[in-house]
Amino acid sequence: MNVVLLMQAGQSSPLPTILLFGGMAALFYFLLIRPQNKARKQMEERLSKLKAGDEVLLSGGLYATIDRVEDKNIYLKLGTIVVKARRNAVVALANEPAPEHN
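These lines cover the structure that appears in this document, whether it is placed above or below. (Residues numbered from 1 in each chain as written. Predicted model: local features only at pLDDT ≥ 70, side-chain atom pairs only at ≥ 80, totals over all residues. Heavy atoms only, no water.)

1. Some details on the environment of T65
Tracing the backbone shows T65 in strand β2 (residues 63-69). Taking relative accessible area as the criterion, T65 reaches 30% and is therefore assigned partly exposed. C-alpha of T65 to C-alpha of L76: the two residues are eleven residues apart in sequence and 5.5 Å apart in space. Leaving out residues up to four positions away in the same chain, T65 has contacts with G53, D54, E55, Y75, L76 and K77. (Helix = DSSP H or I, 4+ residues; strand = E, 2+ residues; numbered from the N terminus. Buried < 20%, exposed > 50% of the residue type's maximum accessible area, 1.4 Å probe, protein only. Contact = heavy atoms within 4.5 Å.)

2. Focus on the pattern of salt bridges
On inspection of all chains with the given rule, the structure shows five salt bridges. K49 is the salt-bridge partner of E45, the closest N and O atoms lying 3.3 Å from each other. For K49, a relative accessible area of 54% corresponds to the exposed category. What emerges from the salt-bridge pattern is a single network uniting D67, R68 and K77. (Salt bridge = Lys/Arg side-chain N within 4 Å of Asp/Glu carboxyl O.)

3. Points about the packing of aromatic side chains
Inspection of the entire model under this criterion finds one aromatic pair. For the ring pair Y29 and F30, a centre distance of 5.1 Å and an interplane angle of 80° mean the geometry is edge-to-face. Taking relative accessible area as the criterion, F30 reaches 49% and is therefore assigned partly exposed. Above the face of the Y75 ring, R68 is positioned so that its terminal group lies 3.8 Å from the ring centre. (Phe/Tyr/Trp six-rings, centres within 6.5 Å; stacked < 30°, edge-to-face > 60°. Lys NZ or Arg CZ within 6 Å of the ring centre and 35° of its normal.)

Nothing here speaks to function; it is all geometry.
Here you go:
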C-alpha cells in the first residue's frame with residue numbers, strides 16, 4: 001500500500017511536457033517550414049511567368065535567353081545553340097539578383 005501512495009505522489013501533470021513539445025513544434029514551423037514554403041511559392045510564381053525573350057540565370061551559372069516555353073521544359077539559346085532544359089533549372093531572371101541560399 002505504501003508503494004501505491006508513493007507512485008501516486010510521484011506523478012505530475014503532463015501539461016508542462018505537452019506545452020514544451022507544442023512550443024517546439026510551433027518554433028520549428030515558424031523558423032523552418034513556413035519560410036521554405038514561402039520561398040518555394042515565390043519561385044513557382046517566377047517560373048510560371050517565364051516567356052520567350054527573357055534572359056535567365058541557370059543553376060549551373062550560365063546566362064541564357066529563352067527561345068520558347070513548354071509545360072515543364074524550356075528551350076534556351078546559348079549563343080547560336082538552342083538547348084532543352086527543365087524550368088526548375090532557372091534560378092533567377094538575369095536583371096534581378098539571385099536568391100540567397102542558406
